[in-house]
Structures are given as C-alpha cells and as structure tokens.
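Descriptive analysis of the structure
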Amino acid sequence: MATVRIEDVQIILTQPDRSRLAVVKIITSEPGLYGVGCATFTQRIFAVQAALEHHIKPFLIGRDVDRIEELWQMMMVHGYWRNGPVLNNAISGVDMALWDIKGKRAGMPVYQLLGGKCREAAAVYVHASGSTVDEVIASAKNFIEQGYHYIRVQLGAYGGTGSQRTRPEGSPDGAYFDPRTYMRENIAMIGQVRAAVGPDIELLHDIHERLTPIDAIRFAKQVEPFDMFFLEDALAPEDNEWFAQIRQHAATPIAMGELYNNPHEWRMVIQNRWIDYIRVHISQTGGLTPARNLAIFAHVYGVKTAWHGPQDTSPVGHAANLHLDVWAPNFGIQEWYRPSELDYAMFPGLPKIKHGYLYPNELPGLGIDIDEKLAAEYPCQPIIEDWTQTRLPDGSPVRP
Ligand code: MG
C-alpha cells in the first residue's frame, strides 16, 4: 500500500444545542480520503482549538496516516508536560480521525480493527429526571415503555433540588445546593422509583462528586436495599483512596471516572478492585487508542466499561464509544444522550437506537461524518457556564 500522508488538520466547532462541540477533520494526500475525530472539551473549547491549530497541526503535516500508535505516543510526549484535558482532547481528535482513516483504507468498521464484535449492539442507559419524585417515576416509566431497561434517576439537577437555606449577606450568585438535602431526598427517591418500576428494571444514579467521602459511604449503604445497577462518581478523583472504604461498607456497584485524565487516576481503583465500571470520557483521556488499552487493562481485573456518553460528547465521540462497546469483552453499559433530529442531520451515520440497544452501522471507519455547511449555521457561542459555578449553602465554591 502506498504511503498516505496528512495534508491538513481542520478544526470544526459547532453548537447544535446546549453543548459546544469540536470535531477534527484530517485531510490526506489520497483524494477524497479523510477522517473525523472528537476533540470536545465543551467548557474550554477554544483552548482545544488553539492547541490543535498552533501546536498539533504543524507537527502532523506530512506524517504517515497509518502510524497511529507512534503519532499518539509522540503527540503525548512532544509538549513535555502532558496528560491535561486540553491536550488530551486535541490528541483525541487526531487519534479518532486516524482510526477512521485506517478503517476506510481497510474497508472495515473500526470495531473490526479492534478484534471484531462480541455483541451486535450496545445496551444503553438514559436519564430520567424531574423536580418531584412523581415526575421522575413518570419519566422512567415512559422510557421503559420505549424499551429501555437501564434508567438513571435524578431528583432535581446534580446536587438535587437546590438550596433553600439562608445565604450569608453579600454571597455571590451561583448554582447553590445543599449536600445533606440532596442526599436525603435522592436516597428516598431511588427507593420510591424501585417500588414503582419493580425489581427487573436496572436503576442508576450519578452523585456527580457532590458529597463528602463519609456521606458518599452512607449513601452507598443506604441505597443497598434498592438493588442498583451502579452508583456513579460517588467521589471526586482527588478522593480516589476513599473508594476502599465505600467497598468495605456497601455492596452497591460503583462506577467511576468521567473526570479522569491521567492513567495514574484510574490505575489504582481498577487494580484494587474498588470499582465495578470504568467510565472515562474517552476524548478526555486522548481518544480511542488509550481507551482500548484501558478497556483491556480493566478486563484483566474484572472491571467493565461504561464510557461517558452525555450531550457534551460530540456524535463522532459517541460513534467511537460504540465501536469500543460492540468489541470489548468487558462491556458493561453505554450512556446515551438521545440526539435531536438536528444532530442526525448534522452528523450523517450517527448510530440509531432500537428497543434500548444502540447499533453500529457497517460503514468503513467510524461510520460517521459531519455536514460542515449545516455545522457552520450553528456557531459556538461565548458562554460562561452557570451550572459549574457550584456553591454550598454558605457560598463556598465546590466541585460541580
Ligand atoms: Mg456522570
């Protein structure tokens, strides 16, 4: 096979809905051959764009598209300082685009290059939420009627229904929440949903690192009778060691990791078998290449995958998740954000859902593309995020 080289690295930014998305498009020396990858770090989207434009692109021009592994390793070490979210997302965009190109050259979907399918489709979970328990139950039942079997249930937003407590005079605006109220209300809600939907439906909940370690232990213990599928991000990565204590006190399955950037963060929780599901955001770790390695590592320790799959992953990233899902022997579950019609129009090939399962298409590569003309009609807005300006009742800033 003749050597195909990287001719251009284009960064496409768009905002079809709430989240700003970044997609890398690699143009090759072979006419008509290109690849796309997800580089979405929605809160710092322009920093990723600059990293790609000024640092990654000049390094890549003229390189051999087939050398994914070598290019990934060199992109990671080339800047000397490494493993940060901006750089990792920039590398991810390139990495996925190169896998897409390799698949197109081979005439095979990427899951074939990984080793082929272990399953035809990936079971997904969806988000049921509401401002009252009745609303959460109604939303969950609606999903069950549509064929979904795995439902994440949340009362209120992350951190619950907010804080009604008196603030100190002069406190700044922000997304206030009360961890104790959140905990009490959501534990009760999970019990009520379990009673309403019966024992067969799988229930999940995302603590979103909103609790202190000792309250996270209490949460995991108190929901034990409700037979959950998993409890997500009970703690922040900074509190990794506390997962040992959660494990000792409760048999509630634990999923962790959408904030992890660095292998040091996930290695100990897997090696010590403190978690049941690893759920990194794959662009945040550097793309398909490190996610494949992580899946294999986790498999050795009996830990399953549950890749992060919300609205702030681009549809290209969702397609990459799905290729890993249908291949990985230790696939656990896939989070699914239920794309809009606009998403399907802007990203031809975006996987489709049927009775709670997500199916890959059989196109070569990642099987997804971007309609750049349509994407340009929805430019990224200069947002200052509100929901991540999180505060405790006394005004103290905390992790969102
Ligand atoms: Mg989450």
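It should be noted that the structure appears before, not after, this text.
Rules used throughout
- Residues numbered from 1 in each chain as written.
- Predicted model: local features only at pLDDT ≥ 70, side-chain atom pairs only at ≥ 80, totals over all residues.
- Heavy atoms only, no water.
- Helix = DSSP H or I, 4+ residues; strand = E, 2+ residues; numbered from the N terminus.
- Buried < 20%, exposed > 50% of the residue type's maximum accessible area, 1.4 Å probe, protein only.
- Contact = heavy atoms within 4.5 Å.
- Polar contact = N/O pair within 3.5 Å; in protein donor to acceptor, adjacent residues only side chain to side chain.
- Axes fitted to C-alpha atoms, helices over the stretch in contact; angles between N-to-C directions.
- Parallel < 35°, antiparallel > 145°, perpendicular 65-115°, else oblique.
- Left-handed = near helix turned anticlockwise from the far one by under 90°.
- Nonpolar A, V, L, I, M, F, W, Y, C, P; charged D, E, K, R; others polar.
- Salt bridge = Lys/Arg side-chain N within 4 Å of Asp/Glu carboxyl O.
- Expected span 1.5 Å × (residues − 1).
- Arc of directions from axis to C-beta.
- Pairing = 2+ DSSP bridges.
- Donors = N, O, S within 2.8 Å, 3.2 Å for Na, K, Ca; no water.
- Right-handed = clockwise from strand over helix to strand, strands pointing away.
- Core = buried A, V, L, I, M, F, W, Y, C linked by side-chain atoms within 4.5 Å.

Right, let's talk about the environment of Tyr-260 for a bit. Residue placement: Tyr-260 occurs in the loop between strand S9 (254–256) and helix H9 (263–271). Given a relative accessible area of 0%, Tyr-260 falls into the buried group. When the C-alpha positions of Tyr-260 and Gly-84 are compared, they lie 9.8 Å apart, and in sequence the two are 176 residues distant. Excluding anything up to four places from it in sequence, Tyr-260 contacts Pro-237, Asn-240, Glu-265, Trp-266, Val-269, Ile-278, Val-280, Gln-284 and Thr-285. Among the polar contacts listed, one links the side chain of Tyr-260 to the side chain of Asn-240, at a separation of 2.7 Å.

A word on the packing of helix H1 (residues 45–60) against helix H2 (residues 68–78). Between H1 and H2, the least distance of the axes is 11 Å, while the angle of their chain directions is 140°. One element, H1, and the other, H2, form an angle in the oblique class. As for how H1 packs across H2, the hand of that crossing is right-handed. On H2, the residues touching Ile-56, Phe-59 and Leu-60 of H1 are Leu-71, Met-74, Met-75 and His-78. Of the residues contributing to the contact of H1 with H2, the split by class is 6 nonpolar, 1 polar and no charged.

The next point concerns the pattern of salt bridges. Side-chain pairing between opposite charges can occur once the charged atoms of the two side chains come close. With the rule as written, the count across this model stands at 20 salt bridges. A salt bridge links Lys-104 to Asp-100; its shortest N-O distance comes to 3.5 Å. With Lys-104 and Asp-100 both in helix H3 (residues 85–106), this residue pair falls 4 residues apart, about one helical turn. Residues Asp-178 and Arg-165 are paired through a salt bridge, measuring 3.5 Å at the closest nitrogen-oxygen approach. One end of the pair, Asp-178, is in the loop between strand S6 (175–176) and helix H6 (179–197); the other, Arg-165, is in the loop between strand S5 (150–155) and S6, and 13 residues separate them in sequence. Of the residues examined, Asp-178 reaches a relative accessible area of 7% and is grouped as buried. What emerges from the salt-bridge pattern is a single network uniting Glu-232, Glu-258, Arg-279 and Glu-335.

Relative to the 18 Å expected for 13 residues at 1.5 Å per residue, helix H5 (residues 133–145) spans 18 Å between its end C-alpha atoms, a close match to the ideal helical length. By the burial criterion, the buried members of H5 are Val-133, Val-136, Ile-137, Ser-139, Ala-140 and Phe-143. End-on view of H5: buried residues confined to an arc of 165°, all on one side of the axis. Facing away from the buried side of H5, by more than 90 degrees, are the exposed residues Asp-134 and Glu-145. Looking at the buried residues of H5, the elements they touch are strand S4 (122–130), S5 and H6. Trailing H5 by a residue or two, Gly-147 shows a phi angle of about 100°, which is positive.

Within the open sheet, the 3 strands sit side by side as S1-S2-S3. Their pairing is antiparallel. Lying at the two open borders of the sheet, with one neighbouring strand each, are strand S1 (6–14) and strand S3 (34–38). Ignoring which end each strand starts from, the neighbouring axes of this sheet average 20° apart. As paired strands, S1 and strand S2 (residues 21–28) are joined by 8 bridges and run antiparallel to one another. Note that in S2 the partner of Ile-11 across the bridge is Val-24. Lying over the sheet, H3 contacts S1, S2 and S3, oriented at roughly 140° with respect to S3.

Let's shift gears to the coordination of the magnesium ion. Here the magnesium ion is held by the protein donor atoms Asp-206 (OD), Glu-232 (OE) and Glu-258 (OE), which lie 2.0 to 2.2 Å from it. Sequence spacing of the donors to the magnesium ion: D-x25-E-x25-E. Here Glu-232 is found in strand S8 (residues 230–232), whereas its partner Glu-258 is found in the loop between S9 and H9, with 26 residues between them in sequence. By relative accessible area, Glu-232 is classed as buried at 0%.

The buried fraction of strand S7 (residues 202–206) amounts to 4 of the 5 residues, a majority that puts the element mostly inside the structure. Direction of pairing for S5 relative to S7: parallel, over a ladder of 3 bridges. Bridging across to S7, Arg-152 finds its partner in Leu-204. Crossover handedness for the path S7 to helix H7 (residues 213–222) to S8: right-handed.

The next subject is the nonpolar core. Of all hydrophobic cores here, the largest spans 117 residues; its most connected members are Ile-151, Phe-219, Phe-243 and Ile-278. The greatest single-element share of this core, amounting to 8 residues, is contributed by H3. Aside from chain neighbours lying at most four places away, what touches Ile-151 is Tyr-125, Val-126, Ala-128, Ala-140, Phe-143, Ile-144, Ile-201, Glu-202, Leu-203 and Leu-204. Formed by 10 residues, the second largest nonpolar core is a distinct cluster that contains Ala-123, Leu-204, Ala-255 and Tyr-277.

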